[in-house]
Amino acid sequence: MHINHSFWGSKGSAESETRVHKSSGGTSRRHMTGSTSLLLLLLASINVIGWGVAGRSFDCRPTPVTNFRPHRVTITEFGAVGDGLTLNTKAFENAMFYLNSFSDKGGAQLFIPPGKWLTGSFHLISHLTVVLDKEAVILGSEDSSDWPVIDPLPSYGRGRELPGGRHRSLIYGFNLTDVVITGDNGTINGQGSVWWSWFQNNTLDYTRPHLIELVHSDGVVISNLTLLNSPFWTIHPVYCSQVHIKHVTITAPHHSPNTDGIDPDSSRDVCIEDCYISTGDDLISIKSGWDEYGIAYARPSSNIVIRRISGESGRSSGISLGSEMSGGISEVYVEDAYIFNSVRGIRIKTSPGRGGFIENVYISKVVMSNVKTALSFTSHYGEHPDENYDPNALPTIKKITFNDISGNDIIYAGFMEGIEGSVFLDICLSNITLNVVSHSPWNCSYILGYSEFVSPELCQPLSQKIPSDSTCYVPKDLSPQVSHANRLISTIFGFVWIT
């Protein structure tokens, strides 16, 4: 179900990406009519809005990803049948192969019309826009053989769940540039329930697949989509840069295992904005590799902006950092989040053996409702890839700022647990008001920091007054810029998008 929250603004539209191969039926262009098709074509014709974080200023500034896509096809031109029963993997693969011939000629666009398009995993290409009609549904096959097994990520050393390889995501890209996946809130449904059952019954041979994964790619836009029932993490940009995820609705049942919403992993310049997420695990989780493999790969996640996010996690957190953070996480800016009906609001997860660092994090203007623990630092999260990890590799956690956070129906204000031998430093809290049930609202250990205007009263290690120097981390520039293209489109079609 698509959920449109007026509090965050109505949903906008951007672009999407895919691969292509010519079918025997030729490539006659599909003529699209109606305001929806006109909107999608207009978006493909003006500059596609890609977004990158401008240095350390925490602005999601529009940057040109691609110009007008001169070559456009529809998936039916490659023999696809949208009946929800016919397997269309070959049609998607053929479409990608064909469209790849235009990658140096201005790129190409693949349109997915109304229908239910069953497919296995397929691989995207560069300079591609994939556009889903609002009545289009891409369905993931329920046959595991339609999801090929690929090598583990080097920063993980093995599959996240099982030794060895991992199933490739439904929509996959490797070493790409200028990739757009979008639609008029069209749907991608991973049909993950079979994978959840296999996982819970211990019958899998390899780690479950993600719904969308881009690896070593830059200039990525994912927008205006509804993503349902991922087998594992839903959107996973890993070793990527200049990634913008906006106006996306992600849902999975609260009992579904590890169905994270959006997990930027060893990636930089990532913007996540205006999304609604309701899943069985973290809504957003920033990662950077696992234990000795992440330490050796040494690729941090940095310059991450998260704004205007709302959602609920029945079994986990609204926004988390870690626990796979061995490559480091820094320069994270979170603003305007509404987290409800969740076990935890904001959580930092790590463990001895992780190594790495989390620093320069600023979290502001967060509202919580019916959350068990508002703020949580979990320092013994466990789970290691193998016996070769170094238990003496302790993470460094410092300069984490929480500002303007409020909550009702909260049981515990905070569980702030550092690590003996690696005290978490410069943890700053200001303007925090949490209406809690517990008579022991804070639990603090191996942590030092500062605070002002915090209710309920903080534990002693965090009770010092905030100093006037730069001890507490605050980003240099918090003022966002607005996309003029969004303003243009909203004027033409007579509605307003909040950016």
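The shown structure was predicted, so the numbers you read here are calculated from the model rather than taken from an experiment.

Cut-offs and rules
Residues numbered from 1 in each chain as written. Predicted model: local features only at pLDDT ≥ 70, side-chain atom pairs only at ≥ 80, totals over all residues. Heavy atoms only, no water. Salt bridge = Lys/Arg side-chain N within 4 Å of Asp/Glu carboxyl O. Helix = DSSP H or I, 4+ residues; strand = E, 2+ residues; numbered from the N terminus. Buried < 20%, exposed > 50% of the residue type's maximum accessible area, 1.4 Å probe, protein only. Phe/Tyr/Trp six-rings, centres within 6.5 Å; stacked < 30°, edge-to-face > 60°. Pairing = 2+ DSSP bridges. Disulfide = S-S within 2.5 Å. 1 Å grid on protein atoms, 1.4 Å probe; cavity = no way out; pocket = protein on both sides within 12 Å on 5 of 7 lines; lining within 4 Å. Points joined across faces, edges and corners; volume = space filled by probe spheres on them. Nonpolar A, V, L, I, M, F, W, Y, C, P; charged D, E, K, R; others polar. Patch = residues over 30% accessible without salt bridge, like charges linked within 9 Å, V, L, I, M, F, W, Y side chains within 5 Å. Areas by Shrake-Rupley, 256 points an atom, 1.4 Å probe, with all protein chains shown as cover. Contact = heavy atoms within 4.5 Å.

A. Layout of the pattern of salt bridges. Tallied over the full model, the rule gives 18 salt bridges. For aspartate 178, the salt bridge identified is with arginine 69, shortest N-O distance 2.9 Å. With aspartate 178 in strand β13 (residues 177-183) and arginine 69 in the loop between β2 (60-66) and β3 (71-74), the pair connects residues that are 109 residues apart, well separated along the chain. As far as the burial class goes, aspartate 178 and arginine 69 line up, both buried.

B. Local environment of the packing of aromatic side chains. One pass over the structure, following the stated rule, counts 12 aromatic pairs. Seen from their ring centres, phenylalanine 92 and phenylalanine 122 are 4.4 Å apart, and the 15° between their planes marks the pair as stacked. Of this pair, phenylalanine 92 sits in helix α2 (residues 89-99) while phenylalanine 122 sits in strand β7 (residues 122-123); the two residues are 30 residues apart in sequence, bridging distant segments of the chain. You can call phenylalanine 92 buried: its relative accessible area is 0%.

C. Examining the sheet that holds strand β12 (residues 171-174) more closely. Strands sit in the order β7-β12-β15-β17 across an open sheet of 4 strands; the sheet is parallel. In this open sheet, the two edge strands, each paired with only one partner strand, are β7 and β17 (235-238).

D. Structural detail: the state of the cysteines. A complete count under the given rule lists 2 disulfides for this structure. Between the sulfur atoms of cysteine 428 and its disulfide partner cysteine 472 the distance amounts to 2.0 Å. Its torsion about the S-S bond being -80°, the disulfide of cysteine 428 and cysteine 472 is classed as left-handed. Of this pair, cysteine 428 sits in strand β26 (residues 424-436) while cysteine 472 sits in the loop between β29 (464-465) and α5 (484-493), and the two are 44 residues apart along the sequence. You'll find cysteine 428 and cysteine 472 in the same group, each marked buried. Across the disulfide from cysteine 444 sits cysteine 459; the S-S distance is 1.7 Å. An S-S torsion of about -65° defines the bridge between cysteine 444 and cysteine 459 as left-handed. Remark: cysteine 459 occurs in the loop between β28 (447-455) and β29 and cysteine 444 occurs in strand β27 (residues 442-445); sequence separation between them is 15 residues.

E. Fine view of the pairing of strand β25 (residues 396-417). Pairing of strand β24 (residues 357-378) with β25 involves 16 bridges; the strand directions are parallel. Each bridged residue has a counterpart across the sheet, and for serine 364 the counterpart in β25 is asparagine 403. As judged from the 9 bridges shared by β25 and β26, these two strands associate in the parallel manner. Opposite phenylalanine 402, over in β26, you have leucine 429 as the bridge partner. The sheet contact formed by β25 and β27 spans 4 bridges and is parallel. The partner of methionine 416 across the bridge, within β27, is cysteine 444.

F. Examining empty space enclosed by the protein more closely. Scanning the entire structure with this criterion turns up 4 cavities of 30 Å³ or more. Together, 13 residues line the largest cavity, and Leu153, Arg160, Arg166, Thr207 and His210 are the ones closest to its centre. Its residues assigned to classes, the lining of the largest cavity shows 4 nonpolar, 5 polar and 4 charged.

G. How the structure looks around a nonpolar patch on the surface. A surface patch of nonpolar side chains, amounting to about 320 Å² of accessible area, comprises Val423, Leu425, Tyr446 and Leu448. Leucine 425 gets classed as partly exposed once you look at its relative accessible area, which sits at 37%.

H. Representation of the environment of glycine 280. Among the secondary structure elements, glycine 280 is positioned in the loop between β19 (268-279) and β20 (284-286). Using a relative accessible area of 2% as the deciding quantity, one classes glycine 280 as buried. It is 4.9 Å that separates the C-alpha atoms of glycine 280 and serine 256, two residues lying 24 residues apart in sequence. Excluding anything up to four places from it in sequence, glycine 280 contacts Ala252, Pro253, His254, Ser256, Thr259, Ser313 and Arg315.

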